[in-house]
Amino acid sequence: MFADRIRMEIEKLGGEIKLNTEIKSIADLAVGKFDKVLVTLPSPIFGKIAKLPQNYTDKITSIPHLHAQVLILTLKKSFMNKTYWLNITQKDFPFLVLAEHTNFMDKKYYGNEHILYIGNYLPTDHPFLKMNKSELLKKFMPYLKKINPKFDITGSYLFLGPFAQPVVKIDYPKLISQLLKENWTTFLHLYCSTLLVVTLYVLFQIWSTTKGKFMSILLHLEVLLWKENLMGILVSGHSRAGK
């Protein structure tokens, strides 16, 4: 697995990976231990643990985010024949996308069952976020049958990714420009003076509206850590809840 190879390389270079580890404050984590801290948390969570000036915290936490919700069904037979990804553009449908994963990866890797993802991006106050998998399936079923009237479900799983996507408003570029300017001047100076010359690079999702660009920034800064031969730590997390 790709993740296992990454883990092996990190440990080979003397790094350590800690899973299921709560971090209440980046300041407590970083003092005297690391030259750089890379944070890939969503901005609302980052604002809570970074102990920033209040005016900066207010700005980064003011950006609304959508939560990613995925209901996964295991099926006896293929749901969409050879189709892997189906965007739903009809406004009356209660979900945004169907992705039949086993039309991309062979079902032999998944116990010979067919895997269907039902995906949504939802605002914080959306009623779907309070539903369990049975309630959601009941809500979705009439619309699934419009696509395929006959299918047999063998299992279901519900996952939630909070703060998965920032909402890009009209003034978004202006706000991002302000945040970047403060982040690389006032913000860096603050941490250099209070955390024993610890430099904090913040990589949260509002830097980019595309995952590809976000990953390119992350990779660039990881290379920067390596080139400068500094001791660093990557703080990364994204809450997932399975039901």
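Note that this is a predicted model, so its numbers are computed, not measured. (Residues numbered from 1 in each chain as written. Predicted model: local features only at pLDDT ≥ 70, side-chain atom pairs only at ≥ 80, totals over all residues. Heavy atoms only, no water.)

### What about the overall build of the protein chain?
Note the cut-off: Under the DSSP-based scheme used, a helix requires at least four consecutive residues in state H or I and a strand at least two consecutive residues in state E, with every element numbered from the N terminus. Contacts are assigned to residue pairs that have any heavy atoms within 4.5 Å of one another.
Tallying secondary structure elements over the protein chain gives seven helices and nine strands in all. Contacts in the protein chain between residues at least 24 apart in sequence constitute 70% of all its contacts with a sequence separation of at least 6.

### Description of a nonpolar patch on the surface
Convention followed: Only residues whose relative accessible area exceeds 30% and that take part in no salt bridge are eligible for patches, with like-charged residues grouped when within 9 Å of each other and nonpolar side chains (Val, Leu, Ile, Met, Phe, Trp, Tyr) grouped when within 5 Å. Per-residue accessibility takes into account occlusion by the displayed protein chains alone, with areas from the Shrake-Rupley method and a 1.4 Å probe. The salt bridge definition used is simple: a Lys or Arg side-chain nitrogen within 4 Å of an Asp or Glu carboxyl oxygen.
A cluster of nonpolar side chains, Tyr 84, Trp 85, Phe 104, Met 105, Tyr 109 and Tyr 110, forms an exposed patch at the surface whose accessible area comes to about 650 Å². Mapped onto the secondary structure, Tyr 109 falls in the loop between strand E4 (97-100) and strand E5 (114-122).

### Digging into the side chain of Ser 156
Worth spelling out the cut-off: Relative accessibility decides the category of a residue: with a 1.4 Å probe and only protein chains considered, values under 20% of the type maximum give buried, values over 50% give exposed, and everything between is partly exposed.
Among the structural elements, Ser 156 can be located in strand E6 (residues 153-166). A relative accessible area of 16% places Ser 156 in the buried class. Not counting chain neighbours up to four residues away, the residues in contact with Ser 156 comprise Ile 72, Leu 73 and Lys 133.

### Remarks on the nonpolar core
This is how the line gets drawn: Nonpolar cores were defined as sets of buried Ala, Val, Leu, Ile, Met, Phe, Trp, Tyr and Cys residues, with membership established by side-chain atoms within 4.5 Å.
Core analysis: the largest hydrophobic core is formed by 21 residues, its most contacted members being Ile 118 and Leu 144. At the level of elements, strand E2 (65-75), E5 and helix H5 (133-147) are the ones that each hand at least two residues to this core. Sequence-distant contacts of Ile 118, that is, excluding residues within four places in its chain, are made with Gln 69, Val 70, Leu 71, Leu 73, Phe 95, Val 97, Leu 98, Phe 140 and Leu 144. Counting residues in hydrophobic clusters, the runner-up holds eight residues, among them Ile 49, Ala 50, Leu 52 and Ile 60.

### Structural notes on helix H4 (residues 54-61)
Along an α-helix, residues three or four apart share an orientation, since each turn contains 3.6 residues. Our working definition: Directions from the helix axis toward the C-beta atoms define the arc.
Among all positions in H4, only Tyr 56, Thr 57 and Ile 60 are buried. Burial along H4 is one-sided: seen end-on, the buried residues are contained in an arc of 100 degrees.

### Digging into the pairing of E5
Just so we agree on the cut-off: DSSP calls a pair of strands paired once it identifies at least 2 bridges connecting them.
Extensive coverage of E5 is indicated by the burial of seven of its nine residues. As paired elements, E4 and E5 share four bridges and run antiparallel to each other. Paired with Leu 98 across the bridge in E5 is Ile 118.

### Quick look at the packing of aromatic side chains
The cut-off we apply is this: Two aromatic rings, drawn from Phe, Tyr or Trp (for Trp, its six-membered ring), form a pair once their centres lie within 6.5 Å of each other, and the interplanar angle then sorts them: stacked below 30 degrees, edge-to-face above 60, tilted otherwise. Geometrically, a charge over a ring is one whose NZ (Lys) or CZ (Arg) sits within 6 Å of the ring centre while staying within 35 degrees of the ring normal.
Evaluated as defined, the whole model comprises seven aromatic pairs. Taking the centre distance of 5.7 Å and the plane angle of 85 degrees together, the rings of Phe 93 and Phe 95 count as edge-to-face. Across this residue pair, the class does not change: Phe 93 and Phe 95 are buried. Taken together, the ring pairs in this structure connect Phe 93, Phe 95, Phe 128, Phe 140 and Tyr 143 into an aromatic cluster. Just above the ring of Tyr 157 sits the side chain of Lys 133; from NZ or CZ to the centre is 5.9 Å.

### Considerations on the side chain of Thr 57
In this structure, Thr 57 sits in helix H4. The exposure class of Thr 57 is buried, given its relative accessible area of 11%.

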